[in-house]
Amino acid sequence: GTTAIRAGRLIDGTGTPAREDMIIIVRGDRIEAVGSASEVVIPPEARVIDLSQYTVMPGIVDAHAHLSIRPDVRTLAGQLEGMTHPDAKQMARIVRNIRVQLLSGVTTLYVVGEVHYNDIHAAEAVADGVIPGPRIYPSGNFISTTAGHGPAEYRTTNGPWEMRTFVRTNYEMGAHHMKLTVTDRARVGPNSGTPYAPGESNFTREEMEAAISELHRLGIEATAHANGESIRLAVEAGINSIQHGGNLTEDLMDLLVERNVGFVNTYTIGYQGVFDEWDF
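A.B. asks: Would you mind going over the packing of helix α4 (residues 160-173) against helix α5 (residues 205-217) with me for this structure?
C.D. replies: The packing of two helices is summarised by the inter-axis angle and the distance between the axes. Running from N to C, α4 and α5 cross one another at 30 degrees; their axes reach a closest spacing of 8 Å. Here α5 runs roughly parallel to α4, going by the angle between their axes. As α4 packs across α5, the resulting crossing turns out to be right-handed. Counting all contacts with α4, which are made through Pro 160, Met 163, Arg 164, Val 167 and Arg 168, the residues of α5 involved are Glu 206, Glu 207, Ala 210, Ala 211, Ser 213, Glu 214, Leu 215 and Arg 217. Residues of the contact of α4 with α5, tallied by class, amount to 6 nonpolar, 1 polar and 6 charged.

Shown next, in the form of structure tokens:
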């Protein structure tokens, strides 16, 4: 059907100044026309949504989402604990969390790691109209290594062929993209926080290249939790985007631009580690 939205003020996301008294015509799932009320004619069959007292803007994309967790000031410890809870409890949080996202103006969630394919199941539930939520692009389970970063049950993938097998399994389950958790220092055990040799990470180059090439062979993209010089390893292996990107240098930024690699800086998780202000 056709929907006409009366916007008291419109921010169109292009950087142009907000415009007053605008009309947006949506046919099916596509915006067909945008213009002032004096220019755009509302089709007689259209359903009219009157937001003339409000500001209208494009939906927000959350480019680093974990659906099932609401970490506290413990940050990583809070996240990992949440992922050990029973799936039913995690799914209950997912339903609540994605509703909060939707009511906050988020219309697309790019997921960067869940457990037990809970993000894929949630995406299917939203697509089927079972629960309300934004569009969800699921990544499936984390790809990590022994002594790597992430939930303990997924810190088990080692060697090029294990990487390819893990990727194929995630793909078979319905992942839209996948995330490698790449770090430049140990993240678990007594050695946690100890840097690896200069220029190295928890993945070998062969492992990283195997996982990324398998993803690209299947026609989907790879993103990486990475920081410092581990960013260089991921980029040189063909990664499509970087998450977090701590200890980013001018040289590494130049490399991202040169290779056209996306970058998602996650300011919130650092803020959350200092201020416990999650009152929504």
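Moving on from the model shown.
A.B. asks: Which parts of the structure should I look at to understand the pairing of strand β9 (residues 222-226)?
C.D. replies: Successive residues of a regular strand alternate their side chains across the two faces of the sheet. With respect to burial, β9 is a largely interior element, 5 of its 5 residues being buried. Burial of β9 is two-sided: the residues Ala 222, Ala 224 and Ala 226 facing one way and the residues Thr 223 and His 225 facing the other way are all buried. With 4 bridges connecting them, strand β8 (residues 178-181) and β9 associate as parallel partners. Bridged to Met 178 within β9 is Ala 222. At this point the chain moves from β8, through α5, to the parallel β9, and the crossover so formed is right-handed. Of the pairings in the sheet, the one linking β9 to strand β10 (residues 241-244) comprises 4 bridges and is parallel in character.

A.B. asks: Looking at this structure, how should I read the sheet that holds β8?
C.D. replies: Hydrogen bonds between backbone groups are what pair the strands of a sheet, and the pairing can be parallel or antiparallel. Pairing within the open sheet is parallel, and its 4 strands lie in the order β8-β9-β10-β11. Edge strands, defined here as strands with exactly one partner in the open sheet, are β8 and β11 (262-264). The average undirected angle you get between the axes of adjacent strands in this sheet is 25 degrees.

A.B. asks: For this particular structure, what's the right way to read the pairing of β10?
C.D. replies: You can see the chain leave β9, run along helix α6 (residues 230-236) and come back into β10, and the turn it takes is right-handed. Where β10 and β11 come together, 3 bridges link them in parallel fashion. From the neighbouring strand, Ile 242 faces β11, where its bridge partner is Phe 263.

A.B. asks: Would you take a moment to explain the sheet that holds strand β3 (residues 30-36) for this structure?
C.D. replies: What the 4 strands build is an open sheet, ordered β3-β2-β1-β4; its pairing is mixed. Looking at the sheet topology across the chains shown, the edges are occupied by β3 and β4 (47-56). The mean inter-strand angle of the sheet, taken between neighbouring strand axes irrespective of direction, is 20 degrees. Here strand β2 (residues 19-27) pairs with β3 via 6 bridges, running antiparallel. Bridge pairing in β3 links Val 26 to Ile 31.

A.B. asks: So what exactly am I meant to see when it comes to the pattern of salt bridges here?
C.D. replies: Two side chains with opposite charge may pair up if their charged atoms get near one another. Inspection of every chain in the model, using the stated rule, returns 13 salt bridges. Between Glu 20 and Arg 9 there is a salt bridge, with its nearest N and O atoms 3.3 Å apart. Of the two residues, Glu 20 sits in strand β2 while Arg 9 sits in strand β1 (residues 2-10), which places them 11 residues apart along the sequence. Overall, Glu 20 belongs to the partly exposed group, its relative accessible area being 48%. Its relative accessible area of 34% is what places Arg 9 among the partly exposed residues. Notably, a salt bridge pairs Arg 232 with Asp 251, separated by 2.5 Å at the nearest N-O pair. With Arg 232 in helix α6 and Asp 251 in helix α7 (residues 250-258), the pair connects residues that are 19 residues apart, well separated along the chain.

Procedures and definitions
- Residues numbered from 1 in each chain as written.
- Predicted model: local features only at pLDDT ≥ 70, side-chain atom pairs only at ≥ 80, totals over all residues.
- Heavy atoms only, no water.
- Axes fitted to C-alpha atoms, helices over the stretch in contact; angles between N-to-C directions.
- Helix = DSSP H or I, 4+ residues; strand = E, 2+ residues; numbered from the N terminus.
- Parallel < 35°, antiparallel > 145°, perpendicular 65-115°, else oblique.
- Left-handed = near helix turned anticlockwise from the far one by under 90°.
- Contact = heavy atoms within 4.5 Å.
- Nonpolar A, V, L, I, M, F, W, Y, C, P; charged D, E, K, R; others polar.
- Buried < 20%, exposed > 50% of the residue type's maximum accessible area, 1.4 Å probe, protein only.
- Pairing = 2+ DSSP bridges.
- Right-handed = clockwise from strand over helix to strand, strands pointing away.
- Salt bridge = Lys/Arg side-chain N within 4 Å of Asp/Glu carboxyl O.

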